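# Descriptive structure summary
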Amino acid sequence: MFLSCFTAKLNLCSDFPITKSTSSLTTLHLDGYFNFEDISHVAEDFGKQYHYYPLAVLHPSSVSDIATTINHIFHMGPYSELTVAARGNGHSTHGQSQAYNGLVIKMESLSRPEMKVHTGEVSFIDVSSGELWINVLHESLKYGLTPKSWTDYLYLTVGGTLSNAGIGGQAFKHGPQISNVYQLEVVTGKGEVKLCSEKQNPDLFYAVLGGLGQFGIITRARIALQPAPKMVKWIRVVYTDFFLFTKDQEHLTSLKNTFDYVEGFVIINRTGVFNKWRSSFKPRDPVGANEFISDQSDGKTLFCLEVAKYFNPNETNIANEEVEFLLSQLNFRPSTLFLSEVSYLEFLDRVHTSEINLRSKGLWEVPHPWLNLLIPRSKIHEFAQGVFGNIVTDSSNGLILIFPVNKSKWDNRTSAVIPDEAIFYQVAFLSSALPSGKGIGSLEHIVNQNRRILEFCQRTHIGMKRYLAHYTSQREWKSHFGAQWETFIKRKSCYDPLAILAPGQRIFKKAT
Ligand code: FAD
């Protein structure tokens, strides 16, 4: 597997001859422009394992630039080899936003029309799809409003996360980000510009949500808003028992009046991690917390429940009471209650703080062989027993997230693939490979570990579905989609019949 990662890495030279089909692009009348030279930056992503060089990069200034270009390629038909990948912020990990010998569209260039908040009985914000979620947040907050569902990191584009799902600690309550969109503007694989929503072109709307960029390029999105809180009580508690940890997570995510955010992570052989918390969190019982920490000799597996309660300063007492009431129902180790109070913005943007820190140490721009799994609730214990402390014996390569999500908050008309159970867990192995090195922490070690986790899931028929999936053959994709495959193919032939779009997902091959 390690070898195959590297054979897949196509370090092709960037001074490719401009072919007939690319030179025909130069005849198009656009508001923006093509760049045929400065292309290497789109031949990489956050994963830093795949490098597919395109022939050109489009910097669109208008939706019509995108429509004109795709329409042109569509009408060249099988005579053109060109495929087209929309690139959000390039934070995929397996080349999904790249286009080998194709055209990459830099969605961030499409900054018009400007973001617009609409307030009323139903509030929403209209944004260009290349907009980063952090900017969407800033703009919404000006009106005292906020989107409801978040990813943990906000330097991702609206189009990029809506093409996947956008799962975070609010998803149990509000669903993923794809459940919080009212309307999209899409350019299909035929170059047609379409507005779609639950009522208008619904099949296209649901196809595109979680559609891995296969059916159209999202150019604009209308995102649901709600009143924004000012402050957040941010809490971490620790468990030594996986059963109690998941029992409490599921309890909290089943309540109506509960925390606003529920996540969790696994700490394996890494008790030193508690010292890092001290800069942001205060233990309620410092002596007990110290005793607990010094008791945890390395080698142990611990589980941290992370929750947050939103509140406004004039409601502090009520928020405190609610938090105490919820905590009183839980089974964590009592001395491990760590508390913090931060602004809403600071809470949502928390990963950016880690990014700045990692960048300063040269540890951000490293390979990220991430593995994201969705595990049915009925199998989460079998999964934990087989994987934590066995296949994964150390979590110092990066965070291992684990938290439950309610299927009822997902719309089964979207293209997103999830396990067929009322509750399933998002389990994310967010590893960073050491810039150089062999053994534990090396890219080879992590890729091998991921392979063993996947083999374990297959061997034990755990019914897992991959999130942000990466497969190399259509047979694997077919199995991934299962019963949804027929619909997926029908939608592809309807909206992108020549398979021009999102070649980096490696689901369909363009007919030439
Ligand atoms: P890109 O990587 O640029 O694109 C992703 C795919 O979508 C590509 O196939 C691309 O062609 C397609 N695409 C991009 N824009 C469009 C568009 N406008 N129209 C159609 N197709 C398009 N995910 C979660 O769900 N929850 C998290 O909490 C979370 N945290 C993350 C934290 C970090 C640090 C990172 C790096 C990633 C995280 N992700 C998370 C994963 C992230 O949601 C996906 O990788 C997402 O695709 C990244 O968005 P992007 O804008 O960089 O998209």
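Please read all numbers here as calculations on a predicted model, not as lab measurements. (Residues numbered from 1 in each chain as written. Predicted model: local features only at pLDDT ≥ 70, side-chain atom pairs only at ≥ 80, totals over all residues.)

### Here's the deal with the overall build of the protein
As a reminder, the rule being used: Helix numbering and strand numbering both begin at the N terminus, where a helix is a DSSP run of H or I of at least 4 residues and a strand a DSSP run of E of at least 2. The reference for a compact globule is 2.2 Å times residues^0.38; the radius of gyration itself is calculated from the C-alpha atoms. Exposure classification rests on a simple neighbour count of other C-beta atoms within 10 Å of a residue's own: a residue reaching 20 or more is buried, one at 12 or fewer is exposed, and one in between is partly exposed. C-beta atoms are placed from the backbone. Residue pairs qualify as contacts under a 7 Å threshold applied to their C-beta atoms, which are placed from the backbone.
A count of helical and extended segments in the protein gives 17 helices and 19 strands. Here the C-alpha atoms of the protein give a radius of gyration of 23 Å, agreeing with the 24 Å that 2.2 N^0.38 yields for 512 residues. Overall, the C-alpha framework of the protein stretches about 70 × 55 × 45 Å when taken along its three principal axes. Counting all 512 residues of the protein, 45% fall into the buried class. Pairs at least 24 apart in sequence give 75% of the contacts found in the protein among residues at least 6 apart.

### A few points about the environment of Arg377
Topologically, Arg377 is positioned in the loop between strand 16 (371–376) and helix 14 (380–387). Of the residues examined, Arg377 has 17 C-beta atoms within 10 Å and is grouped as partly exposed. Taking C-alpha positions, Arg377 is 9.4 Å from Thr246, a pair spaced 131 residues apart along the chain. Non-local contacts of Arg377, meaning those with residues more than four positions away in its chain, are made with Pro404, Glu421, Ile423, Phe424 and Tyr425.

### What to know about the environment of Val287
Position of Val287 relative to the elements: it lies in helix 10 (residues 286–295). For the pair Val287 and Ser335, spaced 48 residues apart in sequence, the C-alpha to C-alpha distance is 8.2 Å.

### Some thoughts on the UniProt feature "domain: FAD-binding PCMH-type" (unreviewed entry) in the protein
As a reminder, the rule being used: UniProt positions are given in the numbering used here, feature names are shortened, and annotations may be inferred rather than shown by experiment.
Per the UniProt record, the feature "domain: FAD-binding PCMH-type" (unreviewed entry) sits at residues 50–228. Strand forms 27% of residues 50–228 and helix 22%; the C-alpha atoms that close the span are 39 Å apart.

### Remarks on the domain arrangement of the protein
Many analyses report the size of an interface as the accessible area lost when the parts associate. Defined as follows: Segment limits for the domains were obtained from an automatic or database-derived domain assignment. The residue classification treats Ala, Val, Leu, Ile, Met, Phe, Trp, Tyr, Cys and Pro as nonpolar and Asp, Glu, Lys and Arg as charged. All others, Gly included, are polar.
In terms of domain boundaries, the protein breaks down into domain 1 (2–107 + 494–505), domain 2 (116–227) and domain 3 (231–467). The centre of domain 2, based on its C-alpha atoms, is set 25 Å off from the matching centre of domain 3. Facing the 25 residues of domain 2 at the interface are 23 residues of domain 3. Elements that contribute at least two residues to the side of domain 2 that touches domain 3 include exactly helix 4 (133–141), helix 6 (171–174) and helix 7 (202–208). Among the elements that line the side of domain 2 that touches domain 3, the one with the most residues is helix 6, at 4 residues. Per-class residue counts for the side of domain 2 that touches domain 3 are 16 nonpolar, 7 polar and 2 charged.

### Section: the nonpolar core
What counts here: We define the nonpolar core as any set of buried residues of the types Ala, Val, Leu, Ile, Met, Phe, Trp, Tyr and Cys, connected via C-beta atoms lying within 7 Å of each other.
One finds Val84, Leu103, Ile105, Val208, Ala308 and Ile375 to be the most contacted residues of the largest nonpolar core, which totals 125 residues. Ranked by residue count, the leading element in this core is strand 14 (residues 301–311), at 8 residues. Setting aside residues up to four positions removed in sequence, Ile375 forms contacts with Ile380, Phe383, Pro419, Phe424, Tyr425, Val427, Ile462 and Met464.

### Considering the sheet that holds strand 2 (residues 56–59)
Where we set the bar: DSSP bridges decide pairing: two strands pair if at least two such bridges lie between them. Note on geometry: axes are lines fitted to C-alpha atoms, helical ones only across the stretch in contact, with angles between N-to-C directions running from 0 to 180 degrees.
Within the open sheet, the 4 strands sit side by side as 1-2-4-3. Their pairing is mixed. Of all the strands in the sheet, just strand 1 (33–35) and strand 3 (84–87) have a single pairing partner and so form its edges. Adjacent strand axes in the sheet meet at a mean angle of 25 degrees when their direction is disregarded. Here strand 3 pairs with strand 4 (residues 103–106) via 4 bridges, running parallel. Opposite Ala85, over in strand 4, you have Val104 as the bridge partner.

### Some points on the site of the ligand
Note the threshold: Working rule for contacts: place C-beta from the backbone, and if it is within 6 Å of a molecule or strand, that residue counts as near it.
Inspection of the region around the ligand gives 37 residues, with Gly88, His91, Gly159, Gly160 and Gly213 positioned closest. At the level of elements, strand 3, helix 5 (158–162) and strand 10 (216–227) are the ones that each hand at least two residues to the shell around the ligand. In the shell around the ligand, the residues fall into 14 nonpolar, 20 polar and 3 charged. Here the shell around the ligand spans two domains, since at least three of its residues come from each of domain 1 (2–107 + 494–505) and domain 2 (116–227).

### A look at the confidence of the model for the protein
What counts here: The pLDDT value expresses, per residue, how confident the predictor is, ranging between 0 and 100.
Taken over all residues, the pLDDT of the protein has a mean of 93, while the share at 70 or more is 96%. Considering only residues more than four positions removed or in separate chains, one finds that residues 1–17, a stretch of pLDDT under 50, has 22 contacts.

### Focus: the pairing of strand 8 (residues 181–188)
Bridge count for strand 8 against strand 10 is 7 bridges, and the pairing is antiparallel. Looking at strand 10, one finds that Leu184 is bridged to Ala221. The antiparallel pairing of strand 8 with strand 9 (residues 193–197) creates a hairpin that spans 4 residues between the two strands, and Gly191 there sits at a positive phi of about 85 degrees.

### Here we look at helix 4
To keep it simple, the criterion reads: Working definition: the arc comes from the directions between the helix axis and the C-beta atoms, pointing outward to the latter.
Among all positions of helix 4, only Trp133, Val136, Leu137 and Ser140 are buried. Down the axis of helix 4, the smallest arc covering the buried residues is 100 degrees, so these residues share one side. At its buried positions, helix 4 is contacted by strand 5 (116–118), strand 6 (124–128), strand 7 (145–147), helix 5, strand 10 and helix 12 (344–348).

### Examining unusual backbone geometry
Here the phi dihedral of His461 falls at roughly 50 degrees; this positive angle occurs in a residue that is not glycine. Mapped onto the elements, His461 comes out in the loop between helix 15 (443–459) and strand 19 (465–467). Positioned with a positive phi, Ala499 is a non-glycine residue whose angle comes to about 55 degrees. On the basis of neighbour count, Ala499 is assigned to the partly exposed category, with 17 C-beta atoms found within 10 Å.

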